[in-house]
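Residue-level structural notes
Next come the chains, spelled out residue by residue.
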Amino acid sequence: MIDWTGQRVLIIGAASGIGRALAVQLAQRGALVTAADLNAEGVAETAALCDGEALVLDLADGAAGPAAVAQLVARHGRLDAVFANAGIGYRRRLLKADLDDAGLDRLWEINMLGPTRLAQALCTAAEAGGWRGRIVITGSENSLSLPPSVQNNGISLYAASKHGVLILAEWLATESRNAGKPLDVHVLLPGGVYTGMTAPGLGDDPARWPADMGIIMPERAAELCLKGLDLGLFHIPTHAHLQNDMAWRTNSVVEATAALGLNEQA
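All values reported here derive from a predicted model rather than from experimental measurement.

Checked against the element boundaries, A84 lands in strand 4 (residues 81–84). When the C-alpha positions of A84 and V187 are compared, they lie 9.5 Å apart, and in sequence the two are 103 residues distant. Sequence-distant contacts of A84, that is, excluding residues within four places in its chain, are made with I12, P115, L118, V136, I137 and T138.

This paragraph deals with the packing of aromatic side chains. One pass over the structure, following the stated rule, counts 1 aromatic pair. Both rings, one in W4 and one in F83, keep their centres 6.1 Å apart while their planes meet at 45°; by these two values the pair is tilted. One end of the pair, W4, is in the segment before strand 1 (8–12); the other, F83, is in strand 4, with 79 residues separating them in the sequence. Grouping residues by exposure puts W4 and F83 together as buried.

Spatial ordering of the open sheet is given by 3-2-1-4-5-6-7, a layout of 7 strands whose pairing is parallel. Among the strands making up the open sheet, the edge pair consists of strand 3 (53–56) and strand 7 (235–237). Between one strand and the next, the sheet's axes are offset by a mean angle of 20°, whatever the strand orientation. One ladder, built from 6 bridges, connects strand 5 (residues 133–138) with strand 6 (residues 183–189); its direction is parallel. Across the sheet, the residue bridging to I137 is V187, located in strand 6. Across the sheet, helix 4 (residues 102–129) lies against strand 1, strand 4, strand 5 and strand 6, angled at about 175° from strand 5, the strand it touches most.

Bringing the packing of helix 1 (residues 17–28) against helix 2 (residues 40–49) into the picture now. The interhelical angle for the contact between helix 1 and helix 2, taken along N-to-C directions, is 20°, at an axis separation of 9 Å. Compared by their axis directions, helix 1 and helix 2 come out roughly parallel. Crossing geometry of helix 1 relative to helix 2 is assigned as right-handed. Contact residues: R20, A23 and V24 in helix 1; G42, E45, T46 and L49 in helix 2. Residue classes in the contact of helix 1 with helix 2 are distributed as 3 nonpolar, 2 polar and 2 charged.

To continue, consider the pattern of salt bridges. Scanning all chains against the criterion turns up 10 salt bridges. One salt bridge connects D101 with R92, and the closest N-O pair in it is separated by 3.6 Å. For D101, a relative accessible area of 22% puts it in the partly exposed group. Residue class for R92 comes out partly exposed when judged on its relative accessible area of 40%.

Counting through the fold element by element, P115 comes out in helix 4. On the basis of relative accessibility, which here comes to 2%, the residue P115 falls in the buried class. In this structure the C-alpha to C-alpha distance between P115 and C50, which are 65 residues apart in sequence, comes to 23 Å. For P115, the residues in contact, after removing those within four places along its chain, are A84, E109, I110, I135, I137 and V165.

Here helix 4 is 28 residues long and its end C-alpha atoms lie 38 Å apart, about the 40 Å a rise of 1.5 Å per residue gives. For helix 4, the principal kink sits at L113 and spans about 50°; a proline, P115, occurs within the next four residues. A positive backbone phi angle near 85° is found at G130, which sits one or two residues after helix 4.

Along the chain, S161 falls in helix 5 (residues 156–179). Excluding residues within four positions of it along the chain, S161 makes contact with L107, W108, N111 and M112.

Let's shift gears to the pairing of strand 3. Sheet topology places strand 2 (residues 32–37) next to strand 3; 4 bridges connect them, and they run parallel. Paired with A35 across the bridge in strand 3 is A54. In this region the chain leaves strand 2, passes through helix 2 and returns to the parallel neighbour strand 3; the handedness of that crossover is right-handed.

This next bit is on the packing of helix 4 against helix 5. Between helix 4 and helix 5, the least distance of the axes is 10 Å, while the angle of their chain directions is 15°. Relative to helix 5, the element helix 4 lies roughly parallel. Relative to helix 5, the crossing made by helix 4 is right-handed. Taking contact as the criterion, the partners of L104, L107, W108, N111, M112, P115, T116 and A119 in helix 4 are, on helix 5, L157, Y158, A160, S161, K162, G164, V165, L168 and L172. A per-class count over the contact of helix 4 with helix 5 returns 12 nonpolar, 4 polar and 1 charged.

Calculation notes
Per-chain numbering applies: the sequence of each chain, read as written, is numbered from 1 onward. The predicted nature of this model means local features are confined to residues of pLDDT at least 70 and side-chain atom pairs, given and counted, to a pLDDT of 80 or more, with totals for whole chains, interfaces and linings taken over all residues. Processing note: side-chain calculations cover all non-hydrogen atoms of the structure and skip hydrogens and water entirely. Labels follow the DSSP assignment, with helices taken as runs of H or I lasting at least four residues and strands as runs of E lasting at least two, numbered in each case from the N terminus. Any pair of residues with heavy atoms lying within 4.5 Å of one another is described as a contacting pair. In summary, the pairing rule links any two rings of Phe, Tyr or Trp, Trp by its six-membered ring, whose centres are within 6.5 Å, and it sorts them by plane angle into stacked for under 30 degrees, edge-to-face for over 60 and tilted for everything else. Three exposure classes are used, based on accessible area relative to the maximum for each residue type with a 1.4 Å probe and protein chains only: buried under 20%, partly exposed in between, and exposed over 50%. A pair of strands counts as paired when DSSP detects no fewer than two bridges linking them. Every angle, taken between N-to-C directions, lies between 0 and 180 degrees, and every axis is a line fitted to C-alpha atoms, over only the stretch in contact when it is a helix. Any angle that is under 35 degrees is reported as roughly parallel, and any over 145 degrees as roughly antiparallel; angles of 65 to 115 degrees are reported as roughly perpendicular and all others as oblique. Crossing handedness is read from the near helix: turned anticlockwise from the far helix by less than a right angle, it gives a left-handed crossing, and turned clockwise, a right-handed one. Under the scheme applied, nonpolar residues are Ala, Val, Leu, Ile, Met, Phe, Trp, Tyr, Cys and Pro; charged residues are Asp, Glu, Lys and Arg; polar residues are all the others, including Gly. Salt bridge, as used here, is a side-chain nitrogen of Lys or Arg placed within 4 Å of a carboxyl oxygen of Asp or Glu. Every helix has an expected span of 1.5 Å times one less than the residues it contains. In this scheme, the bend at a residue equals the angle between the axes fitted to the seven residues that finish there and the seven that begin there. Classification remark: right-handed applies to a crossover when, strands pointing away from the viewer, the course from the first strand over the helix to the second runs clockwise.

Now the structure itself:
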């Protein structure tokens, strides 16, 4: 189990939802929390809840994340962990989507490139300062699957951003390990969680939530995230159905391999 006592932690996307729940639970375990978000009022409330610091930033600005890491290292002498939890949605039917929409630049930056920039900055700071850093990136069940419950929701480009950040995280972990860099990488893969992003579509009556989505509250997602970190997991799912939703990919490749006679050539 990780001893968070006295560890300096930056949580981005902490104004509400999973980010706020992580901030509170980490503070309860002794971490010194800096809560960051574009929502100044929300992040101030989170900081008050965990007796921490509040930082307003927009991860759509590519320089903002690395600047926050540098600022905290300069102020406190170290930064032990970053939770790259900020994320935005994007709904367009792929066959009709305007791929030149400026909103896509914001989507890619916040959901995919921003966490990578944070990992680069944290690794550089940790290597220079002589400590080991940890980054926890919030992906999605859509990083690995096409859940039946959302297949008609027009979230293909959002899903692409979450699939992309998983691939980048896998490479960050691999490169860090192979090069002996002082960085541990983890990916949280939330399924249906009642947050500011999902609430408009779900409503506020749990009895009306789609049963097949297995909606959980942010506090439960945060609990599972921290348990996954304690166990040293890279992939940290929040729902069991993810393993079934992603199985079609493996099954498809297995079937194609057999159909092409590749097993006979091995």
